[in-house]
Amino acid sequence: MINKIMREDFAHILADKNIDWSRFANTTVLVTGANGFLPSYIVQSLLFLNEQKIQNPVKIIGIVRNLNKAKQKYKDYQNDKNLVLIEHDVSMPFSIEEPIDYIIHAASQASPKYFFSDPVGTIKANTLGTSHMLELAKEKSVKSFLYFSSGEVNGDMFEHKECVAEDDYGRIDPADIRNCYAESKKMGENMCACWAYQYGVPAKIVRPSHTYGPGFSLDDGRAFSSFVAAVLNEKNIILKSDGSARRSFLYLSDAVRGYIKVLLDGDGGGAYNVGNDAEISILELARLIVKVSHSKKSKIEIHIDPQNVSSKVSHGLLDNRKLKNLGWKPEISEEEGFSRTLESFKL
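Quick summary incoming for the structure in this document. (Residues numbered from 1 in each chain as written. Predicted model: local features only at pLDDT ≥ 70, side-chain atom pairs only at ≥ 80, totals over all residues. Heavy atoms only, no water.)

### A word on helix 9 (residues 282-293)
Right, so step 1: In this model helix 9 runs 16 Å from its N-terminal to its C-terminal C-alpha over twelve residues, within 8% of the 16 Å that 1.5 Å per residue would give.
Right, so step 2: Helix 9 sits mainly inside the fold: nine of its twelve residues count as buried.
Right, so step 3: At the exit of helix 9 stands histidine 294, carrying a positive phi of roughly 60°. (Helix = DSSP H or I, 4+ residues; strand = E, 2+ residues; numbered from the N terminus. Expected span 1.5 Å × (residues − 1). Buried < 20%, exposed > 50% of the residue type's maximum accessible area, 1.4 Å probe, protein only.)

Following this line, the structure appears as structure tokens:
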């Protein structure tokens with residue numbers, strides 16, 4: 001259900017004068033993982049574009065694994081002929097007859113809870129799925145292909161540098177099951193580079209930092225998700241570490257502006273970090289969320305869990321200067337962003 005906060009977000013995205021929205025007129029965009037938190041906001045932003053800005057609408061084909069879930073997510077668009085939802089597992093071959101102008105491959109099991117419960121499924125979407133979508137991009141001679149990767153491909157560089165750029169790479173232990181995500185995302189990036197080199201596929205790569213906003217799953221296993229869920233239910237926030245680890249958090253509308261800018265104007269074969277300018281600690285984040293929630297019941301408790309499987313890196317700031325060189329910049333502060341997020345969940 002589209003609420004007031006989401007519509008304001010879509011308006012914020014479309015107000016970006018650094019993006020030439022007319023390039024989507026009379027085109028078809030295929031989005032994998034269209035049920036997902038990040039790609040669904042891209043889909044809805046493009047549908048909002050049809051409503052607000054362009055006379056020759058963009059058509060969106062959303063590839064999803066669960067059609068019933070997708071119909072529920074997009075129920076406000078059930079009569080919109082410019083949105084077509086197809087149930088398909090991207091790890092299986094895919095074909096479609098109609099022309100495709102842009103492909104956004106975002107299908108992935110990005111939540112840490114899947115890295116141990118389904119590591120093979122995590123790998124398949126990032127490798128087999130990427131292969132199938134790149135082949136489709138080659139067949140359709142698309143204008144642009146956007147692959148969703150992750151800062152985890154940088155490996156242990158976060159232990160050696162305060163701010164990690166796109167070409168900074170460290171060690172990733174291939175025998176660590178948790179690295180099913182990092183290793184397969186890294187392979188997906190190399191596949192994009194290879195298809196760009198050998199076949200001329202205009203593949204671009206984005207590496208999202210921790211991204212939050214309306215619509216994320218409250219039980220996806222990430223720290224900010226559990227913090228928001230706690231204060232919405234007026235429960236205490238439970239930290240399973242000392243909270244000293246630092247992370248960069250980017251609000252969803254800022255992130256989508258970055259993704260679309262890379263899709264349209266990024267260099268083929270190139271990777272772009274999409275993150276905020278600074279980090280805050282997990283403990284500071286917990287305090288911020290309690291503050292903007294105005295909850296009188298939620299407090300912060302620290303219960304260090306030795307079995308905690310979350311990333312052990314102490315910080316995770318991505319250097320965003322390459323994306324800034326395209327004219328993008330983050331605009332929503334953490335305080336405003338988490339306030340908007342909490343309000344959205346209440347509507």
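What follows picks up the thread again.
### Some remarks on the packing of helix 5 (residues 119-140) against helix 6 (residues 180-199)
Right, so step 1: In the contact formed by helix 5 and helix 6, the axes pass within 9 Å of each other and the chain directions differ by 10°. The angle between the axes of helix 5 and helix 6 places the two elements in the roughly parallel class. The two elements helix 5 and helix 6 meet at a crossing, and its hand is right-handed. Counting all contacts with helix 5, which are made through Pro119, Thr122, Ile123, Asn126, Thr127, Thr130, Ser131, Leu134, Glu135 and Lys138, the residues of helix 6 involved are Cys180, Tyr181, Ser184, Lys185, Met187, Gly188, Met191, Cys192, Trp195 and Tyr199.
Right, so step 2: Here the contact of helix 5 with helix 6 is composed, by residue class, of ten nonpolar, seven polar and three charged. (Axes fitted to C-alpha atoms, helices over the stretch in contact; angles between N-to-C directions. Parallel < 35°, antiparallel > 145°, perpendicular 65-115°, else oblique. Left-handed = near helix turned anticlockwise from the far one by under 90°. Contact = heavy atoms within 4.5 Å. Nonpolar A, V, L, I, M, F, W, Y, C, P; charged D, E, K, R; others polar.)

### Comments concerning the sheet that holds strand 3 (residues 83-87)
Right, so step 1: With respect to topology, seven strands assemble into an open sheet ordered 3-2-1-4-5-6-11, the strand pairing being parallel. Two strands lie at the open edges of the sheet, namely strand 3 and strand 11 (271-274), each paired on one side alone. The average angle at which neighbouring strand axes cross in this sheet is 20°, direction not considered.
Right, so step 2: Sheet topology note: the strand 1 (residues 28-32)/strand 2 (residues 59-64) ladder contains five bridges and is parallel. Bridge pairing in strand 2 places valine 31 opposite glycine 62. (Pairing = 2+ DSSP bridges.)

That is the geometry; function is a separate question.
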